[in-house]
Amino acid sequence: MKELLIVFHTQSGSAQCLAEAAARAASEEAEVRVTLKRAMAAGSDDLKRCDGVLFVTPENFGYLSGGMKDFFDRTFYPCEPGTLARPYMLIVSCGNDGSGAVRQLERIVKGYPLSPVAEPLIVRGPPQAEDLERAEELGLSFAAGLGMGIF
(Lines give C-alpha, C1' and ligand atoms only; values in the text may rest on other atoms or scores of the structure.)
Protein backbone atom coordinates (compact mmCIF):
# COMPACT_ATOMS: atom_id res chain seq x y z
CA MET A 1 0.00 0.00 0.00
CA LYS A 2 1.24 3.50 -0.87
CA GLU A 3 1.22 6.38 1.59
CA LEU A 4 0.30 9.97 0.88
CA LEU A 5 1.53 12.39 3.54
CA ILE A 6 -0.32 15.69 3.82
CA VAL A 7 1.63 18.27 5.82
CA PHE A 8 -0.13 21.51 6.66
CA HIS A 9 0.34 24.62 8.73
CA THR A 10 -2.45 27.00 9.64
CA GLN A 11 -3.23 29.89 11.90
CA SER A 12 -6.56 31.13 10.57
CA GLY A 13 -7.89 27.67 9.74
CA SER A 14 -8.04 28.22 5.97
CA ALA A 15 -5.11 25.96 5.14
CA GLN A 16 -6.46 23.28 7.47
CA CYS A 17 -9.84 23.30 5.65
CA LEU A 18 -8.02 22.82 2.35
CA ALA A 19 -5.81 20.06 3.77
CA GLU A 20 -8.80 18.23 5.22
CA ALA A 21 -10.68 18.48 1.91
CA ALA A 22 -7.71 17.00 0.05
CA ALA A 23 -7.31 14.24 2.66
CA ARG A 24 -11.01 13.37 2.58
CA ALA A 25 -10.97 12.88 -1.19
CA ALA A 26 -7.58 11.12 -1.24
CA SER A 27 -8.89 8.64 1.33
CA GLU A 28 -11.30 7.33 -1.31
CA GLU A 29 -8.37 5.67 -3.11
CA ALA A 30 -8.27 2.11 -1.77
CA GLU A 31 -4.58 1.53 -2.55
CA VAL A 32 -3.36 4.58 -0.62
CA ARG A 33 -3.15 5.32 3.10
CA VAL A 34 -3.49 9.03 3.83
CA THR A 35 -1.67 10.61 6.76
CA LEU A 36 -2.66 14.17 7.65
CA LYS A 37 -0.25 15.99 9.98
CA ARG A 38 0.35 19.50 11.19
CA ALA A 39 3.76 20.73 10.10
CA MET A 40 4.91 21.08 13.71
CA ALA A 41 4.02 17.42 14.43
CA ALA A 42 5.42 15.93 11.21
CA GLY A 43 9.04 14.89 10.97
CA SER A 44 11.69 13.24 8.87
CA ASP A 45 10.41 9.72 9.61
CA ASP A 46 7.04 10.68 8.12
CA LEU A 47 8.73 12.06 5.03
CA LYS A 48 10.97 9.01 4.59
CA ARG A 49 8.02 6.63 4.99
CA CYS A 50 5.66 8.28 2.49
CA ASP A 51 5.48 7.74 -1.25
CA GLY A 52 4.31 11.29 -1.98
CA VAL A 53 3.66 14.48 -0.05
CA LEU A 54 1.10 17.26 -0.33
CA PHE A 55 2.07 20.52 1.35
CA VAL A 56 -0.68 22.92 2.40
CA THR A 57 0.57 26.26 3.69
CA PRO A 58 -0.52 29.82 4.14
CA GLU A 59 1.57 32.55 2.64
CA ASN A 60 2.68 34.92 5.39
CA PHE A 61 4.31 38.22 4.45
CA GLY A 62 4.95 36.87 0.95
CA TYR A 63 6.72 33.69 2.12
CA LEU A 64 6.03 30.23 3.46
CA SER A 65 4.53 30.21 6.92
CA GLY A 66 6.98 29.84 9.79
CA GLY A 67 5.51 26.46 10.75
CA MET A 68 6.08 25.03 7.25
CA LYS A 69 9.59 26.48 7.12
CA ASP A 70 10.27 24.87 10.50
CA PHE A 71 9.20 21.50 9.06
CA PHE A 72 11.77 21.84 6.28
CA ASP A 73 14.47 23.04 8.70
CA ARG A 74 13.92 19.98 10.92
CA THR A 75 13.71 17.37 8.16
CA PHE A 76 16.30 18.37 5.60
CA TYR A 77 19.50 16.93 7.10
CA PRO A 78 17.89 13.85 8.70
CA CYS A 79 16.52 12.99 5.24
CA GLU A 80 20.07 12.84 3.83
CA PRO A 81 19.93 15.69 1.30
CA GLY A 82 19.79 14.61 -2.31
CA THR A 83 18.47 11.10 -1.63
CA LEU A 84 14.76 11.50 -0.89
CA ALA A 85 13.17 11.50 -4.34
CA ARG A 86 9.40 11.85 -3.88
CA PRO A 87 6.59 13.50 -5.85
CA TYR A 88 4.86 16.46 -4.25
CA MET A 89 1.96 18.83 -4.76
CA LEU A 90 1.31 22.19 -3.14
CA ILE A 91 -1.70 24.18 -1.97
CA VAL A 92 -1.16 27.79 -0.86
CA SER A 93 -3.75 29.78 1.05
CA CYS A 94 -3.08 33.48 0.73
CA GLY A 95 -4.42 37.00 0.80
CA ASN A 96 -2.18 38.15 -2.04
CA ASP A 97 -0.94 36.13 -5.02
CA GLY A 98 0.85 33.21 -3.32
CA SER A 99 3.86 33.45 -5.61
CA GLY A 100 6.36 34.11 -2.81
CA ALA A 101 5.41 30.93 -0.95
CA VAL A 102 5.48 28.89 -4.16
CA ARG A 103 8.92 30.22 -5.11
CA GLN A 104 10.37 29.59 -1.65
CA LEU A 105 9.01 26.04 -1.42
CA GLU A 106 10.25 25.20 -4.93
CA ARG A 107 13.77 26.28 -3.97
CA ILE A 108 13.73 24.32 -0.70
CA VAL A 109 12.46 21.02 -2.11
CA LYS A 110 15.11 20.83 -4.83
CA GLY A 111 17.59 19.78 -2.15
CA TYR A 112 15.64 16.69 -1.02
CA PRO A 113 14.89 16.30 -4.06
CA LEU A 114 11.12 16.38 -4.37
CA SER A 115 9.50 16.69 -7.80
CA PRO A 116 6.29 18.57 -8.55
CA VAL A 117 3.58 16.53 -10.25
CA ALA A 118 1.00 19.33 -10.65
CA GLU A 119 0.82 23.09 -10.73
CA PRO A 120 0.33 24.60 -7.26
CA LEU A 121 -3.23 25.34 -6.23
CA ILE A 122 -3.38 28.92 -4.98
CA VAL A 123 -6.45 29.93 -2.99
CA ARG A 124 -6.90 33.64 -2.41
CA GLY A 125 -8.95 34.62 0.61
CA PRO A 126 -11.07 32.32 2.77
CA PRO A 127 -11.72 29.01 0.96
CA GLN A 128 -15.04 28.92 -0.86
CA ALA A 129 -16.92 25.79 -1.96
CA GLU A 130 -15.16 25.75 -5.35
CA ASP A 131 -11.75 26.04 -3.64
CA LEU A 132 -12.53 23.04 -1.44
CA GLU A 133 -13.63 21.11 -4.54
CA ARG A 134 -10.33 21.94 -6.26
CA ALA A 135 -8.43 20.79 -3.14
CA GLU A 136 -10.45 17.55 -3.18
CA GLU A 137 -9.65 17.03 -6.87
CA LEU A 138 -5.96 17.59 -6.21
CA GLY A 139 -5.93 15.15 -3.28
CA LEU A 140 -7.83 12.49 -5.19
CA SER A 141 -5.72 12.78 -8.33
CA PHE A 142 -2.52 12.58 -6.29
CA ALA A 143 -3.73 9.49 -4.43
CA ALA A 144 -4.94 7.86 -7.65
CA GLY A 145 -1.58 8.53 -9.32
CA LEU A 146 0.28 7.04 -6.38
CA GLY A 147 -2.06 4.04 -6.28
CA MET A 148 -1.56 3.34 -9.99
CA GLY A 149 2.21 3.85 -9.81
CA ILE A 150 2.16 6.89 -12.10
CA PHE A 151 4.11 8.96 -9.57
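Refer to the structure printed above.
Computed from a predicted model, the values in this text were never measured in an experiment.

Participant: I tried to follow the overall build of the protein on my own but got confused; where do I start?
Facilitator: Counting secondary structure elements, the protein contains five helices and seven strands. Along its sequence from the N terminus, the protein presents helices and strands in the succession β-α-β-α-β-β-α-β-α-β-β-α. At 14 Å, the protein has a C-alpha radius of gyration in line with the 15 Å of a compact globule built from 151 residues. Each of the 151 residues in the protein was classed as buried or not, and the buried ones make up 49%. Looking at the protein alone, contacts between residues at least 24 apart form 83% of all its contacts between residues at least 6 apart. Charged side chains in the protein number 15 positive and 20 negative. The centres of these two groups are separated by 7 Å.

Participant: When you look at unusual backbone geometry in this model, what are you seeing that I'm missing?
Facilitator: Trans peptide bonds make up the majority, and among non-glycine residues the majority have a negative phi. Tyrosine 112 connects to proline 113 through a cis peptide bond whose omega is -10°. In this fold, proline 113 is placed in the loop between α4 (99-109) and β6 (114-116). The backbone phi angle of phenylalanine 61 is positive, close to 55°, even though this residue is not glycine. Position of phenylalanine 61 among the secondary structure elements: in the loop between β3 (52-60) and β4 (63-64). You can call phenylalanine 61 exposed: its relative accessible area is 82%. If you check the backbone angles, glutamate 80 has positive phi at about 50° while not being a glycine. When you line up the elements, glutamate 80 lands in the loop between α3 (66-75) and β5 (86-94).

Participant: Would you take a moment to explain the pattern of salt bridges for this structure?
Facilitator: Counting across every chain of the model gives eight salt bridges. The closest approach of N and O atoms between arginine 49 and glutamate 3, which form a salt bridge, is 3.5 Å. Of this pair, arginine 49 sits in helix α2 (residues 44-49) while glutamate 3 sits in strand β1 (residues 2-8), placing them 46 residues apart in sequence. Among the residues examined, arginine 49 registers a relative accessible area of 44% and is labelled partly exposed. Taking the shortest distance from any N to any O, the salt bridge between arginine 24 and glutamate 136 comes out at 3.5 Å. Of this pair, arginine 24 sits in helix α1 (residues 14-26) while glutamate 136 sits in helix α5 (residues 129-148), and the two are 112 residues apart along the sequence. Members of the salt-bridge network, linked through shared partners, are Glu3, Arg33, Lys37, Asp46 and Arg49.

Participant: Would you mind going over the nonpolar core with me for this structure?
Facilitator: Side chains of nonpolar character tend, in soluble globular proteins, to be buried together. Among the nonpolar cores identified, the biggest contains 24 residues, and Val7, Leu47, Val53, Phe55, Phe71 and Phe72 are the most heavily contacted of them. For this core, the secondary-structure elements that each account for two or more residues are β1, β3, α3, β5 and α4. Non-local contacts of phenylalanine 55, meaning those with residues more than four positions away in its chain, are made with Val7, Met68, Phe71, Phe72, Tyr88, Met89, Leu90, Ile91, Leu105, Val109 and Leu114.

Criteria and cut-off values
Residues numbered from 1 in each chain as written. Predicted model: local features only at pLDDT ≥ 70, side-chain atom pairs only at ≥ 80, totals over all residues. Heavy atoms only, no water. Helix = DSSP H or I, 4+ residues; strand = E, 2+ residues; numbered from the N terminus. Rg over C-alpha atoms; globule rule 2.2 N^0.38 Å. Buried < 20%, exposed > 50% of the residue type's maximum accessible area, 1.4 Å probe, protein only. Contact = heavy atoms within 4.5 Å. Lys, Arg positive; Asp, Glu negative; His and termini not counted. Charge placed at Lys NZ, Arg CZ, Asp CG, Glu CD. Salt bridge = Lys/Arg side-chain N within 4 Å of Asp/Glu carboxyl O. Core = buried A, V, L, I, M, F, W, Y, C linked by side-chain atoms within 4.5 Å.

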